[in-house]
Structure formats: structure tokens, C-alpha cells
Amino acid sequence: MTSSSRNTPANRFTSLLLSWMNQLGPVLGLACVWVFFAVVEHRTAQASGLQPSFMSWHNQLLILLQTAVVGTAAIGATLIIISGGIDLSVGSTIALVTMVVAWLLRIGMPAPFAAFGGIYAGVICGLIIGSAVIGHLGRCAAIAAGVVLGAWAFWLGAGVIGTIVIIAVVSFVLFQLDRRFIPNVKLAPFIVTLGMWGVLRGVAKGFGNSQPIYPGSDSWLSNLMHDTPFGMKGLPVYGVWLLLIVAGLAVLVLKFTRFGRHVYAVGSNEQTARLCGVHISRTKMMIYGIGIGCAGLAGLLQFSFLQMGDPSTAEGYELKVIAAVVIGGASLAGGEGSIIGTLVGALIMSVIDSGCGALHLDNWIQEVVTGIIIVLAVAIDRLRRRRIEP
Amino acid sequence: MPVNPSDSEHSDAAVANRGDVLSDVPQSARLMMRGIHKRFGPTIALAGVDLAVQAGEVHALIGENGAGKSTLMKILSGAHQPDGGTMQLDGNAYQPVSPSAGRAAGVAMIYQELSLAPHLTVQENITLGSEPCFGPFIHRRQARETATHALHRVGLSQDLRSVPLHRLSVAQRQLVEIARGVALGCRVLVLDEPTSSLSTSDTRLLFSLIREWRANGMAIVYISHVLEEVLDIADRYTVLRDGCTVGTGAMKTVTLDDIVSMMVGRHVDHLYARTSRKPGEVVLTVSQLGGNSLPIDASLELRRGEIVGIAGLIGAGRTELVRTIFGLDPVKQGTVQVAGRSGPFTPAVQWRNGVGMVSEDRKTEGLAVALSVADNMTLPRLTGMGPLGTVTRTRQAAATSKWAQRLSIRYESPFQPLLALSGGNQQKIALARLLHADVDVLLLDEPTRGIDVGSKAQIYHMIDELASGTGPDPRPPCAVLIVSSYLPELLGICDRIAVMRQGRLGRAVPVEQLDEHRIMTEAATAGQPATAVGEGAPT
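Residues numbered from 1 in each chain as written. Chains lettered and ligands numbered in written order. Predicted model: local features only at pLDDT ≥ 70, side-chain atom pairs only at ≥ 80, totals over all residues.

Student: Would you mind showing me how to read the overall build of chain A here?
Tutor: Of regular secondary structure, chain A possesses 14 helices and 0 strands. Across chain A, helices and strands are ordered from the amino to the carboxyl terminus as α-α-α-α-α-α-α-α-α-α-α-α-α-α. Taken over the C-alpha trace, chain A has a radius of gyration of 23 Å; the compact-globule value for 390 residues is 21 Å, and the two agree within 12%. For chain A, the spread of C-alpha atoms along the principal axes amounts to about 65 × 65 × 35 Å. (Helix = DSSP H or I, 4+ residues; strand = E, 2+ residues; numbered from the N terminus. Rg over C-alpha atoms; globule rule 2.2 N^0.38 Å.)

Rendered as C-alpha cells:
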């Protein structure tokens, strides 16, 4: 009843222990899954006289490599899910970005420009989704039309400056029209991104007439997921380091910036956030821009992994990404979630993939196991929370 | 229902208690709770509580937040099981295993937070969970009759039957909730803060209904923080403090002061603080303000160092006025001026202008209850919470504990979610947020709704300190605009009071020229009343 009655040293110790457990919970889960596969695979390999491979360093590197794409996208999705939203279009965004990057390389753009173009495409997708979520449907059209006209002008030889001017003018005019004439209709992120799931996949396919695009020449961009820093074989590939850098930045942003606190506040109670002077629409635009920008980065990594633009790649990644975030302890209702948890969630899924592969289990078993783990992880998470917050 | 085991298992304390507290209660009480014990982990919520309610009486259950009222009522309803003690209903053992078992036995709970389905119609809500059926199909005629009968008993028109609940006013929803209890043929009706969202005229109507039900032999447990109300309606009382029964008896034999002393365990004087204040320059000017549908026309000047109250009925547009001033609702006509700048403003700009607001709806708007104490308190002003524009937990915690100390807010850690705190502590955090943001103009919408007397006194004291500039911090006096449905509060702390009626704000009159009767007359007469429960179309 009274809060002071619980403040004995013993209780404080227990609550400290529980809060540690809370932080470490997903990590413990990851350790359990890893140890389970390590032991089982070791036994079966020995029984059949084969060399066990699951525990090898090489396999750990492979697990990390396989986490890079989903992990990067999941960091962006964590932001979105904490704010109470959801993104079902991650897979389509990734596919579109691989196409954009491959196309830019093929028309002879330098690799940094192509990389920037890929991430930019992701951010644009995010801004379109963000506009629809905050109710400015017209702005979506403005951004989309600006980009399409700009691309067309570029194609006709308007040059870089001409292209930028055209995009700016078209967008500005349409923004003004939106402000004057189009009523504000807020849409649920689920609906918007469900629509974009189809739209972006379709655009990706239309981009190359449903055919993959090959970049033509080799560049560092195509090797992000194959080369290691300093060419040292024992290190993870560049893509994994990129994931870690993005994760580190996201942790800092969520923990130590006003924007980070606003993300949690909007997800926990949007009305309270508004009352407290948080700019809801601006915050949401930033969340979707940055969040889906991360999906753009994931698309870059996916391109590098495939070394081509593939419009049908990353199908079903949206659910993998959401699963990673949720296993990591985020609530789909918003207000809760952490980057570290998400990383661990993504790793858990990669470990299951790798473990099932090492055990030579069929694909369907792997899918069943992954499904069960998702539900189990969330159930355990709820149970743990109940003990901490009676 | 199984026969209750003998009393031998109960603690000695409970047995000893029973003798002196219940000696004057005949054994024929409708509801008898004896020696109820309940622990939650290490916390003892109830340590031997006794409660006896007769048929045909209104029994007030009084206590500060955290005294154990809610726990006791949850045990009565079957939501919690007691660790010790017995309950009897009409002399038979009563051991509900779930809220539905409690309802089936005739105990109806009307909670502070309404538990109705907003998308269903009134009739569907009334019969929800107990639909008359033949086979898998709903017996429509019978359901209609049940609903008509129940609505009739709570004084609502039967035309409301097929109206979706969300189109009803708060007062009407409350009555629908009661109608649901009545439809099930309840023998014990528990009303938890039933008037917290009702205007004075709706409250009067509810009281006349309660008197009617009492005359029909229903046993009513009435929980309220508004002690004047309790003195008015209740026949007997039971006061809880720290999980124990500290007093019970006939209402006629005690005064308000006696009850307050029992509740807090000491004597509280000067509930309403009033230091001498000197009105300074005008900081907020509202002229002919109109919003979407409410307010229609409101003009007001607010000066530093004064507290202005806005009285009126529910639905008169008081909340909408404050929301429009703050920028939460759109301005359709007229102007808002703050410190020389002209609006319309957004809430973000208002905070920068030095204006802060406390929402009337603590749960859905005022606070993010899943977030921590520190996050809630520092949200409007996160700048300066760390080096280089960052936000650090240490600075947040320091800021939080500073204001928590000033308002004696109790919590275990600044990073504890708000959920676990009592209503009074939560409300003090909503107010502390304004102090943290260092505002000059405070817009307070029902700042003391549903909180205990101790917290109320602290909040009044704080408001007075801010308006008179006598607080420990050297700062100029603030301007306070306060909306309240509780007139003694307005009369107690305000310098001027304006009455709002049907979207129009009257002139702010010095409080010396006013009394409750004058305010009510102005709020409810002239033209038709702003709201009328149970009559006419839904709002």
C-alpha cells in the first residue's frame, strides 16, 4: 500500500536483482538457445562420426552475417514500434532499395552516390509513410510526384541541379495545395504500411520489368557483406560493423536525446505528449524517416549480399523484423522496447536458423521452432514484468 | 454456495476487533464483512477490516487513498480473494471466486472508471454478460424489457436503449452502468466516487435516485472523497486508515471535522490556504474566444498574483475553454494573448510562453502512466537535463526529487512507472510538471478530482504559494486559472470566479460577493439547464 513499507535492504537487493534480470532477460534467452543447439549438434555429430560445426568461430561469423540485414532493419522498426506504430513494408523497402542501388551503379554512378541514393530512397519511403500516418495524404503525393518528375527530368538530361530544382518546386507547390485543399485524414500505421507493402514491392518490380538488375561493375558497395576490415579472416564483415554502429547510435539517440524521450512519450500516451508540448506530427515524421531510413540501409546490405538488385528479395522480412523487436521485449502497444533487446531478438532468430541447419533439420521444422520461440519469448517477458511490477 | 468454515482459522486480532466495532450492529445485516485480511507480497493492504451494511441504508466508506477502500471493495466484488476473514450476504456465507460470481450473488460494483463498451448500444451494455437467450440466440423481446425496466429505475428515458453508448454524456453513462447493476437484481450496490465526473445538478439527481433505491430496501456502499456529499447522503459510515477500521457509526452523530481527523489520524485545519495576494500586470487575455462547438464566447483577463476560478455545469464548455486557450483545440474566432504575444498557439509554443496546463483526465491525457515518474515530470522541459542538449537520467532524477520533496510525493524510485502510485501522488506529479517547466500561467482543469484530503490540502497550499509568490524559490507570483465542479474549493482558494453557461463565460466576480447559491443559480438557471440527465436526446 504505502511505498515506503517496501524499502528494506533485502527488498532493495531483490529489486536490483530483478532489474538486472530484466535487462539481461533476452540475453539469457539467447544463451539458452545457443547452448541448446551447441550441445545437441555436438552429440549428434559425434554419434554419426562427423566434425561438429555449430560451435566453430566460422559459424559464429556466419550467424552474425545473417543477422546484419534483419538486425539493421529491426533497429529502425524498434523506433517505430516504441512510438506505437508498425511497419509492414520493410521487406518491400529493402527490395526497392536493392533495385535503386543496382540501377544507380549500372548507369555509371560512383559507389558513394549509389549508397546515398539507396538510403535516400528508404528515407523517402519513410517520409511518405509518415505523411500518411499524420494525415497529410497530399504530402505523400507531393513527395512521390517530386521524386518521379525529378527522375524523369534526370533521364531527359536535366543535370543534377536541374533535377533538384524540379523536385523542390513540384514538392512545394503540391505541399501548398495539400495545406489548402486536402482534408487531414489520419490513418493507422498498420493500414498505411500494409498498402506500402504492396506499392513498394510493385514499384521495385516495375523498376526492372520484374527482372533483377546487375550493377555491371564491381565496387566496394558490392562487397560490404563479403569483405572484412583489413582483410582479416577472423573478423565479421563490414556489414556487421555497420549494424553495430547504427545500433550504437540508436541507443544514444533513444537514451540521451529529447527526440528519444519524445519517441517513448508518444508511444506511451500520445495525448499526454501533446499536452506536454511534444510536436506529434514532426516527431512522427522523424520516426518514420529515420526508421525506414534504417530499412534503406538494410537494403544496401542486402544488395551487397546478393550483389544485384532483386525485386523479389526479402519477402517476409517484415515479420522477421517485427519478431526480432518483439522478442527483444518491445510492446506492440508502444512505449516499451530497447535496441539491445532487438539485437538479441534478431540474433536469437539467426541462431535458430543456423542451429536447425547444422542439425540438417527440414525447413518446415525451423519455421515451427521459430514460431514457437516468438510466442514463448513474449510470454516469458510478460511473466517477468509481472514479477517486477506487481 | 459452500458453507463457511468455522471462525477458528482467523487471527486473534480480527476476533478481538469484531467485538467492539460491530457490537451495535444487529446480526441481520444485508452485508457483513468481518476481520478481512489481505497481503500483496510484503505489503499488508488490509489488517482486519469490518464492515456491516443494513438493507435500506446508505453506508459511506471513507478513507484516504491507499487506506484500503479499493482493496476491500475488490474483495467484496470477488476480484481479489481475502487471506482471512468472513463475508456474509443476508446471513449466508458469501465467497465469490470471481467478479461474475459476485454479480450473480447480487453485489453490483460501479467503479470510478466506467467499465462499459462504448461501441455497443445502451441495451447491449445493460444485458452484457447476462443476455436472455433461447439456445444460442438472444431473446430480443426479453432483453428489451430488461433494459427498459432497468433504465426506468435509474430515471433514464427508454428511448436511449438503441443509442450507442459513446454518444451519451458522462453522467448518462454512469447511470447506464448503475442500470446494469440494477438489471441483475442487485442486493448490494457499491458506488465508487460516483459524482467525480458529474455536475452539481446531475449529482442532485443521482442522490434522489439513491434515496429512492434506499427506500426500496437496497443496501448501498458509497465511496467518496467529497465529504460534504457523504454527510448529505449517508446514514452510517465506516472510516478506514492504513488497512484498519478506525471508526464506524451513525452519520448524525459526527461532524465533518471528526471524520477528517479519523481519516488522517490528526487534525487538519486550513484546508484552503489563502495568503494575501497582490494582482500585478495582465499576463493572459482572452477575448471573444470561440472553438469548434464550445466555447462560444469567452472573454477573460488574468493577472499575475491572482487565482481565477471557472464554475459551471458539466457540458458548459469549461474544459473546452481551457483546451482552446492552451492550443489543444482549434481557435475558430477571437484571440488569445499571452504576455503581449497573440495566438493562436500550439501547446509546444504555450509551454515556451510560460503557460502550463493540468488536464482533467489524468489517465487518458494527463499522464503517461506506463512511463516513469521522472519522464512524466520532465517531459515539457527536457532542455537542460544534460550536457550538450542531451538528456541524462541523473539530471532528470535530480529535478524530479526536488519537486517531489516540495509536494511530498512518495515513490520508490524516480524511474518507477506511475502505475504503482496512488491517485493523489499521480495528480501531484501532473502539477509538479508545471513547476519543473517554470511556468507563469497555470491552467488547472479539475486539479483535485478524485484525490484524498491530504493531497488536496497540499495542492491548495502549493497553488496559493505560487499565486502569492511566497514559495521558497525567489520567483514572481504566478497567474492561476482553475476549473472546478467543486464549489467550496473555488470559493476557498480563488480571488475571482466566473461562471460558464452553455459555452458563454460570464464576468469574473470577486469571491467576496459570491456564495454557492449565487453561483449555482447563475450556472443552471437563465435559459434551460446546460445538461439534463435522463431527459431529451443524447449529447
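Next, the rest of the story.
Student: Could you clarify how one ought to interpret the sheet that holds strand β9 (residues 188-192) of chain B in this entry?
Tutor: Strand pairing in a sheet relies on backbone hydrogen bonds, with the paired strands running either antiparallel or parallel. Residue and element names in this part refer to chain B. Read from one edge to the other, the open sheet built from 6 strands follows the order β6-β9-β10-β3-β11-β12, with strand pairing classed as mixed. Single-partner strands in this sheet number two, and they are β6 (107-110) and β12 (244-250). Each strand axis lies, on average, 15° off the axis of its neighbour in the sheet, ignoring direction. Against the sheet, helix α7 (residues 200-215) touches β3 (58-62), β9 and β10 (219-223), its axis set at about 145° to β10. (Pairing = 2+ DSSP bridges. Axes fitted to C-alpha atoms, helices over the stretch in contact; angles between N-to-C directions. Contact = placed C-beta atoms within 7 Å.)

Student: Where do I start with α7 of chain B in this structure?
Tutor: Quick reminder: α-helices carry 3.6 residues per turn. Residues three or four places apart thus point the same way. All names here are of chain B. For α7, built from 16 residues, the straight-helix expectation of 22 Å at 1.5 Å per residue is met to within 8% by its first-to-last C-alpha distance of 23 Å. Of all the residues in α7, the buried ones are Thr200, Asp202, Thr203, Leu205, Leu206 and Ile210. Two residues or fewer after α7 comes Gly217, characterised by a positive phi angle close to 90°. (Expected span 1.5 Å × (residues − 1). Buried ≥ 20, exposed ≤ 12 C-beta atoms within 10 Å, placed from the backbone.)

Student: Looking at this structure, how should I read the sheet that holds strand β13 (residues 282-290) of chain B?
Tutor: All names here are of chain B. Taken in spatial order, the 4 strands line up as β14-β13-β16-β17 in an open sheet, and their pairing is antiparallel. Each end of this open sheet is capped by a strand with a single partner; those strands are β14 (298-303) and β17 (341-342). In the sheet, β13 pairs with strand β16 (residues 333-338) via 5 bridges, with the strands oriented antiparallel. Directly across from Val286, in β16, lies its bridge partner Val336.

Student: In this structure, what is going on with the nonpolar core? I would like to understand it.
Tutor: One recurring pattern in soluble globular proteins: nonpolar side chains tend to sit buried together. Ranked by internal contacts, the top residues of the largest apolar core, which has 261 residues, are Ala73 and Val101 of chain A together with Ala179, Val441 and Val480 of chain B. Of the residues that make up this core, three or more belong to each of domain 1 (55-81 + 94-264) and domain 2 (277-354 + 440-447 + 475-539) of chain B. Discounting residues that sit within four places of it in the chain, Ala179 of chain B has contacts with Ile126, Ala150, Leu151, Arg153, Val154 and Leu156 of chain B. (Core = buried A, V, L, I, M, F, W, Y, C linked by C-beta atoms within 7 Å. Domains from an automatic or database assignment.)

Student: What am I meant to see in the pairing of β14 of chain B here?
Tutor: The side chains of a regular strand alternate between both faces of the sheet. Residues and elements named next belong to chain B. Side chains Ala298, Leu300 and Leu302 project from β14 onto a buried face, and the interleaved Ser299, Glu301 and Arg303 project onto a face without burial. Across 5 bridges, the pairing between β13 and β14 is antiparallel. Its bridge partner lying in β14, Thr285 is registered against Glu301.

Student: What should I look at first to understand the domain arrangement of chain B in this one?
Tutor: Note: interface size is frequently given as the accessible area lost on complex formation between the parts. What the domain assignment lists for chain B is domain 1 (55-81 + 94-264) and domain 2 (277-354 + 440-447 + 475-539). Relative placement of domain 1 of chain B and domain 2 of chain B: their C-alpha centres are 32 Å apart.

Student: Explain the pairing of strand β21 (residues 496-501) of chain B here, please?
Tutor: All names here are of chain B. Of all 6 residues in β21, 6 are buried, a share of seventy percent or more. Of the two faces of β21, both are covered, the one formed by Arg496, Ala498 and Met500 as well as the one formed by Ile497, Val499 and Arg501. Both strand β15 (residues 307-312) and β21 contribute to a ladder of 5 bridges, which runs parallel. Bridging from a neighbouring strand, Gly312 pairs with Met500 of β21. As paired elements, β21 and strand β22 (residues 504-505) share 2 bridges and run antiparallel to each other. Counted as the bridge partner of Arg501 is Arg504 from β22. Linkage of β21 to β22, two consecutive antiparallel strands, is achieved through a turn of 2 residues, within which Gln502 is found at a positive phi near 50°.

Student: Explain the environment of Asp310 of chain A to me, please; I cannot follow it from the model alone.
Tutor: All names here are of chain A. Note on placement: Asp310 falls in the loop between α11 (280-306) and α12 (317-327). Taking the C-alpha atoms as reference points, Asp310 and Gln211, 99 residues apart in sequence, are found 7.3 Å from one another. Among all residues touching Asp310, those that are not within four sequence positions of it are Ala95, Thr98 and Pro212.

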